[in-house]
Amino acid sequence: MSEPLPAAPTDDTPLASRSTAIGTAAFLLLALPFLVFGLWLLDGKSRMDLRCEPGGPCTLTRSGWLTREPLATLPLDAIQAVKVERSRSARRASVPIFRPQLETTQGKLPLFAQWATEEGEATAVKEQVERYLAAPGAGPLEVTRDDRRASLRVGGAFTGVGVALFIFSLWLAWRTRTHRRAERAAQASAA
């Protein structure tokens, strides 16, 4: 006994190319929010850099994984003091948190994007900046605090899912093209 031949498509038969085209559009629409939100999370400005040339000026910048933006360029006479700000964590187990900040003629400028749980970290940065301000001609100052690890994990996961969905939608688009060719060939042979 031989296998039955597939029936010729009628107007009521769903086309495989139509189904895969709908799937392509659906997965592409699903990938877009993951890609946009993932890239936004990757660019969370959680790295702070304070760079001072010998004798000034000082430049404070913040950056994410994708972009960098300058916050302020300060002449030395604009820096009035360096202090460690203290607060309490808003979490359930309220612990003290610390952040060094410059008090300037332009206002208060934090040197950490996120608060530190160890007072020693904030105090060490404060002392380093105070040593530079006491003798600004002795050499340059570079203070960096990088808190971007959390944004890399979360933003990377969202971006990875978005890229995987986008690649899957490209594969579905290729399958749609293959189905359309097969359907055209079947229509041409039936005619």
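Residues numbered from 1 in each chain as written. Predicted model: local features only at pLDDT ≥ 70, side-chain atom pairs only at ≥ 80, totals over all residues. Heavy atoms only, no water.

How do you make sense of the state of the cysteines when you look at a structure like this?
By definition, a disulfide is the covalent link that joins the sulfur atoms of two cysteine residues. Tallied over the entire structure, the rule returns 1 disulfide. The residue that forms a disulfide with Cys 52 is Cys 58, at a sulfur-sulfur distance of 2.0 Å. Across the S-S bond linking Cys 52 and Cys 58, the dihedral sits near 115°, which makes this disulfide right-handed. Each member of the pair, Cys 52 together with Cys 58, is buried. (Disulfide = S-S within 2.5 Å. Buried < 20%, exposed > 50% of the residue type's maximum accessible area, 1.4 Å probe, protein only.)

Explain the sheet that holds strand β7 (residues 141-146) here, please?
Within a beta sheet, neighbouring strands are joined by backbone hydrogen bonds and run either parallel or antiparallel to one another. Taken in spatial order, the 4 strands of this open sheet run β3-β2-β1-β7, and their pairing is antiparallel. Strands at the two margins of the open sheet, each flanked by one partner only, are β3 (68-74) and β7. Strand-to-strand, the axes of this sheet are offset by a mean angle of 15°, without reference to chain direction. In this sheet, β7 lies alongside strand β1 (residues 47-52) in antiparallel orientation, the contact comprising 6 bridges. Across the sheet, Arg 51 pairs through a bridge with Glu 142, a residue of β7. (Pairing = 2+ DSSP bridges. Helix = DSSP H or I, 4+ residues; strand = E, 2+ residues; numbered from the N terminus. Axes fitted to C-alpha atoms, helices over the stretch in contact; angles between N-to-C directions.)

Could you clarify how one ought to interpret a positive patch on the surface in this entry?
Together, Arg 177, Arg 180, Arg 181 and Arg 184 give the surface a local cluster of positive charge. Assignment of secondary structure puts Arg 184 in helix α3 (residues 149-190). (Patch = residues over 30% accessible without salt bridge, like charges linked within 9 Å, V, L, I, M, F, W, Y side chains within 5 Å. Areas by Shrake-Rupley, 256 points an atom, 1.4 Å probe, with all protein chains shown as cover. Salt bridge = Lys/Arg side-chain N within 4 Å of Asp/Glu carboxyl O. Lys, Arg positive; Asp, Glu negative; His and termini not counted. Charge placed at Lys NZ, Arg CZ, Asp CG, Glu CD.)

Please explain the nonpolar core as it appears in this structure.
Taken as a class, soluble globular proteins show a tendency for nonpolar side chains to be buried jointly. In this structure, Leu 50, Leu 74, Leu 102, Leu 111, Val 129 and Leu 141 are the most contacted members of the largest nonpolar core, which totals 23 residues. Residue assignment for this core shows that the elements contributing at least two residues are β1, β2 (58-63), β3, β4 (79-88), β5 (96-104), α2 (119-134) and β7. If one sorts the elements of this core by residue count, α2 sits on top with 4 residues. The contact partners of Leu 50, leaving out residues within four places of it in the chain, are Cys 58, Thr 59, Leu 60, Leu 102, Leu 111, Val 129, Leu 141, Glu 142 and Val 143. (Core = buried A, V, L, I, M, F, W, Y, C linked by side-chain atoms within 4.5 Å. Contact = heavy atoms within 4.5 Å.)

Remember that the coordinates give geometry; whether it matters functionally is a separate question.
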